[in-house]
Amino acid sequence: MRVINGRVWKVGDSISTDLLSPGAYAYAPLEVRRQHVLETVHPRFAREARPGDVLVAGRNFGCGSSRESAPENLKALGIAAVVAESFARIFLRNAIAIGLVAVTCPGIGAIVEEGDPLDLDLEAFSVTNVRTGASLPVHPLSSEMREILEHGGILAVLKALGSRSR
Amino acid sequence: MPAARAASARFMHLHQPNTAGDGLSGPAVPLQDITKDQTERSDGTRFCIMNLHPGGHRLGMTMAEKILARASGRANVRPGEHVTAAVDLALTHDIFAADLFDLLSDSGFTCPWDASKVVVVLDHLVPAPTVVAATVHRRIREHVRRMGIVHFYDAGAGICHQLLPERGHVRPGMLIVGTDSHTTTHGALGAAGTGIGTSEMAYVLATGRLWFRVPETVRFILHGRLRRPVAAKDVVLSIAGRFGADVAQYRAIEFAGPGVAELTVAGRLSVSNMAVEIGAKFGFFPADAKTATYLQARTGAVVAPFGPDPDATYAATHEIDLDALAPQVALPHTVDNVRPVSEVAGIAVDQAFIGSCTNGRLEDLEQAAEILRGRHISTGTRLVVVPASAEILREAERCGVLATLVDAGAIILPPGCGPCFGGHQGLLGPGERCIGTHNRNFQGRMGSPEAEIYLGSPATVAVSALFGRITDPRRVLVA
Ligand code: SF4
């Protein structure tokens, strides 16, 4: 597919969907919701994240609810990819479904610090810390996931079906 | 746009399940065949005769494998394979339904693939606490009418994960997707229930199908029986504490062993509800005689037993001794931060909450009433009780449970999610502490991020309300 190069933001284990998209803003518009991403655990993140940045997370990232606003808020901040030790299942599906790159990389936390430049190679399925040269493999994405990502999300796929069936 | 055409070509087979040119999917086998199509062995166990290797050599399958094989029209599936499966039931609720139906329309589809297989529930913000919520509810009602959706439960009917079993929508062997992570609840009745997001649900509503990775299964074998007031909730909390919140990441869970028969259907629903809290995609109990009795009363249908093949393969098997279990509490801010209640007893609580799709059922309210009968909760502690459905509310009223709780000082809220997810009705202020029977204690889940949430069984929560401090329920109720 392609290589993503971005500056790293780092969070720990068990970042829940309540932290990524607090229930109190369930019906709030995206511009409001994205201002509150991770505000409890990393207040600078939503204010200072720049388009193209990469979020590096610990285990069980996105645990909790099925709210798609969790990956959507990250995408709205311009986050290019989430690289985590492991993901909660629904978050991973949702991220791919809305066209946000999310890859599993055991050991990632040990090779990057916040602010490091990171290369994520989605052809070779590897990450490299450009500052230190440390590199790790990431779990390959399934063909369905790649297909959906390549089209920018499952709704693009669906729209193509919808226009065909008309 | 060539890219979009490529996508539609690739995903087109979802529209044409009978022309399985992709080699992935064939016609889905009707649901009844998976539960009827069973043969009894001489030892009394049953196996599913569909489950034959092309050469006639039978491969043992787990419950997840059987259901995904049946729903994707395959004789066998193995963990790690990807299949495109036909969905038997699609559930959505007021937080996502309006946007979901908009996405469906925007994608060029005017109605779901099968309007009779969709259930829409208004349960999260009911009755509407704000004008925005009221407006969203109106939009949902209009969509439901326009799309001809048959199964619609308006505000006050109850929580979706209670209504699905209670109103007879669930049968063993079904593949159920919901725009709610606790859709795993329906595994208690032998159905493969799992949560998905709104974009994927739009895809399901348009096509009736979705891709799935066949999960490995982790098995928990239950031995012995629970010693009251130890409850099903304590079983799942102790599993989360012992094995961690990601022990079943991307995996299915099956509960098995002699202890299963000891659990009530309500208890199983509590456990399967929280399967997602340890990462699980599905949280199964086998469908047994208790399941059949429950479902016969709800659906009028005779339900055959349904479970895994005895020679199915598991990623891991863990043994759980129910006899040795003590009441458990999850401490802030993760569900796997679990201790026996005795180790945290004495922590003061401002609010106690009995309700949610985990523990808002009649037996949960009865357990609380048994503790609070003739007593009053501690001054300075609020007790919020939310029956999970109108039927439960009515029953609790009929048998005197409601009056007992009101006399003890409880605030009774209308059937629905109540304060569970921090939307309304009993939110926590900064520095406040709540102990609840719900399923999540994440930071900021019930109001202020500076509040603390503890999770326990209905007995533990009721007795903690009584003393205003986290308390071991065995102090009041001895088995
Ligand atoms: S009761 Fe709580 S966990 Fe259950 S569906 Fe409602 S908000 Fe979600």
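Residues numbered from 1 in each chain as written. Chains lettered and ligands numbered in written order. Predicted model: local features only at pLDDT ≥ 70, side-chain atom pairs only at ≥ 80, totals over all residues. Heavy atoms only, no water.

Q: It is not clear to me how the overall build of chain B should be interpreted in this structure. Could you clarify?
A: Per the secondary structure count, chain B includes 16 helices and 20 strands. Across the 479 residues of chain B, 61% fall into the buried class. Accessible area of chain B: about 15800 Å², with a carbon and sulfur share of 53%. (Helix = DSSP H or I, 4+ residues; strand = E, 2+ residues; numbered from the N terminus. Buried < 20%, exposed > 50% of the residue type's maximum accessible area, 1.4 Å probe, protein only. Areas by Shrake-Rupley, 256 points an atom, 1.4 Å probe, with all protein chains shown as cover.)

Q: What is the right way to read the pattern of salt bridges from this model?
A: Side-chain pairs of opposite charge can arise whenever the charged atoms involved come near each other. All names here are of chain B. All chains considered together, the criterion is met by 28 salt bridges over all chains. As a salt-bridge pair, Asp88 and Arg70 come within 2.9 Å of each other at their nearest N and O atoms. Pair noted here: Asp88 is in the loop between strand 3 (82-86) and strand 4 (89-93) and Arg70 is in helix 3 (residues 63-71), with a separation of 18 residues, a long-range link. Note on Asp88: relative accessible area 13%, which makes it buried. (Salt bridge = Lys/Arg side-chain N within 4 Å of Asp/Glu carboxyl O.)

Q: In this structure, what is going on with the domain arrangement of chain B? I would like to understand it.
A: Where interface size is quoted, it is often the accessible area lost as the parts come together. Residue and element names in this part refer to chain B. Partitioning chain B into domains gives domain 1 (1-325) and domain 2 (328-475). Taken together, the contact between domain 1 and domain 2 spans 40 residues of the former and 39 residues of the latter. Carbon and sulfur atoms make up 57% of the surface buried where domain 1 meets domain 2, a total of about 3100 Å² over both sides. Counting the contacts that link domain 1 with domain 2 gives three salt bridges. In this structure, Glu391 and Arg298 form a salt bridge, with 3.0 Å as the shortest nitrogen-oxygen distance. Across the contact surface, domain 1 and domain 2 share 23 residue pairs in polar contact (both at pLDDT 80 or more). Of all the secondary structure elements, the ones that give two or more residues to the side of domain 1 that touches domain 2 are helix 6 (160-166), helix 8 (232-243) and helix 9 (265-273). Among the elements that take part in the side of domain 1 that touches domain 2, helix 8 stands out by supplying six residues, more than any other. For the side of domain 1 that touches domain 2, a count of residues per class yields 18 nonpolar, 15 polar and seven charged. (Domains from an automatic or database assignment. Contact = heavy atoms within 4.5 Å. Buried area = accessible area lost by both parts, 1.4 Å probe. Polar contact = N/O pair within 3.5 Å; in protein donor to acceptor, adjacent residues only side chain to side chain. Nonpolar A, V, L, I, M, F, W, Y, C, P; charged D, E, K, R; others polar.)

Q: Would you explain the sheet that holds strand 13 (residues 316-321) of chain B in this entry?
A: Residues and elements named next belong to chain B. Spatially, four strands are ordered 12-11-10-13 in an open sheet, and the strand pairing comes out parallel. Each edge of the open sheet is held by one strand with a lone partner, namely strand 12 (282-284) and strand 13. When strand polarity is set aside, the average angle formed by the axes of neighbouring strands in this sheet is 20°. With five bridges joining them, strand 10 (residues 217-223) and strand 11 (residues 252-256) adopt parallel strand pairing. When the bridges of strand 11 are listed, Ile221 appears paired with Ala256. Across the sheet, helix 3 is in contact with strand 10, strand 11 and strand 12; its angle to strand 12 comes to roughly 115°. Strands in contact with helix 8 are strand 10, strand 11 and strand 13; relative to strand 13, the strand with the most contacts, it is inclined by about 125°. (Pairing = 2+ DSSP bridges. Axes fitted to C-alpha atoms, helices over the stretch in contact; angles between N-to-C directions.)

Q: Looking at this structure, I do not really get the interface of chain B and chain A. What am I missing?
A: Of the residues lining the interface, 54 residues belong to chain B; the matching set on chain A comes to 47 residues. Roughly 4400 Å² is buried in total at the junction of chain B and chain A, and carbon and sulfur atoms are behind 61% of that figure. Counting across the interface, chain B meets chain A through three salt bridges. Two residues, Arg445 of chain B and Asp18 of chain A, come together in a salt bridge whose shortest N-O distance is 3.5 Å. Here chain B is connected to chain A by 17 residue pairs in polar contact (both at pLDDT 80 or more). The set of elements that each furnish at least two residues to the side of chain B that touches chain A consists of helix 1 (2-11), helix 4 (97-106), helix 5 (131-147), strand 8 (192-195), helix 7 (198-207) and strand 9 (209-213) of chain B.

Q: For this particular structure, what's the right way to read the pairing of strand 9 of chain B?
A: Regular strands show a simple pattern: their side chains alternate between the two faces of the sheet. All names here are of chain B. The buried fraction of strand 9 is high, at four of five residues. Sheet topology places strand 3 next to strand 9; five bridges connect them, and they run antiparallel. Each bridged residue has a counterpart across the sheet, and for Ala85 the counterpart in strand 9 is Leu210.

Q: Where do I start with the site of the ligand in this structure?
A: Taken together, His124, Ile159, His161, Asp180, His182, Ser356, Cys357, Cys417, Cys420, Phe421, Asn439 and Arg445 of chain B make up the full set of residues adjacent to the ligand. Grouping the amino acids of the shell around the ligand by side-chain chemistry returns five nonpolar, five polar and two charged. (Near = heavy atom within 4 Å.)

Q: Explain the nonpolar core here, please?
A: If you look at soluble globular proteins, the nonpolar side chains tend to sit buried side by side. Among the nonpolar cores identified, the biggest contains 102 residues, and Phe45, Leu55, Phe61, Leu74, Val83 and Leu120 of chain A together with Leu175 of chain B are the most heavily contacted of them. Excluding its chain neighbours within four sequence positions, the residues that come into contact with Phe61 of chain A are Val11, Ile15, Leu20, Leu55, Leu74, Val82, Ala84, Ser86, Phe87, Ala88 and Phe91 of chain A. Formed by 100 residues, the second largest nonpolar core is a distinct cluster that contains Leu226, Val247, Ala352 and Leu383 of chain B. (Core = buried A, V, L, I, M, F, W, Y, C linked by side-chain atoms within 4.5 Å.)

Q: What exactly am I supposed to notice about helix 10 (residues 289-299) of chain B here?
A: Spacing of three or four residues puts side chains on the same side of an α-helix, whose turn is 3.6 residues. All names here are of chain B. Among the residues of helix 10, Thr291, Ala292, Tyr294 and Leu295 are the ones counted as buried. Each buried residue of helix 10 sits inside an arc of 165° when the element is viewed along its axis, so together they form one side. Exposed side chains of helix 10 directed beyond 90 degrees from the buried face belong to Ala289, Thr293 and Ala297. Along its buried surface, helix 10 packs onto helix 6 and helix 9. Of the residues flanking the start of helix 10, the one acting as N-cap is Asp288, its side-chain oxygen 3.0 Å from the backbone nitrogen of Lys290. Following helix 10 by one or two positions, Gly300 adopts a phi angle in the positive range, close to 75°. (Arc of directions from axis to C-beta.)

Q: Would you take a moment to explain the side chain of His182 of chain B for this structure?
A: In this fold, His182 of chain B is placed in the loop between strand 7 (175-178) and strand 8. Given a relative accessible area of 4%, His182 of chain B falls into the buried group.

Q: Hey, could you run me through the sheet that holds strand 6 (residues 126-129) of chain A in this one?
A: In a beta sheet, neighbouring strands are held together by backbone hydrogen bonds and run either parallel or antiparallel to one another. Residue and element names in this part refer to chain A. The sheet built from seven strands is open, its strands ordered 4-3-2-1-5-6-7 with mixed pairing. The two strands at the open ends of the sheet, each matched to only one other strand, are strand 4 (101-104) and strand 7 (135-137). Neighbour-to-neighbour, the strand axes of this sheet turn through a mean angle of 25°, independent of strand direction. Both strand 5 (residues 117-121) and strand 6 contribute to a ladder of four bridges, which runs antiparallel. Bridging from a neighbouring strand, Leu118 pairs with Asn129 of strand 6.

Q: Looking at this structure, how should I read the pairing of strand 4 of chain B?
A: Residue and element names in this part refer to chain B. Burial analysis of strand 4 places five of its five residues in the buried class, which makes it a mostly covered element. In terms of strand pairing, strand 4 meets strand 7 through three bridges, oriented parallel. Residue pairing across strands places Leu89 opposite Ile176, the latter belonging to strand 7. Relative to strand 5 (residues 118-121), strand 4 is paired through four bridges, and the arrangement is parallel. Note on strand 5: the bridge partner recorded for Ala90 is Val118.

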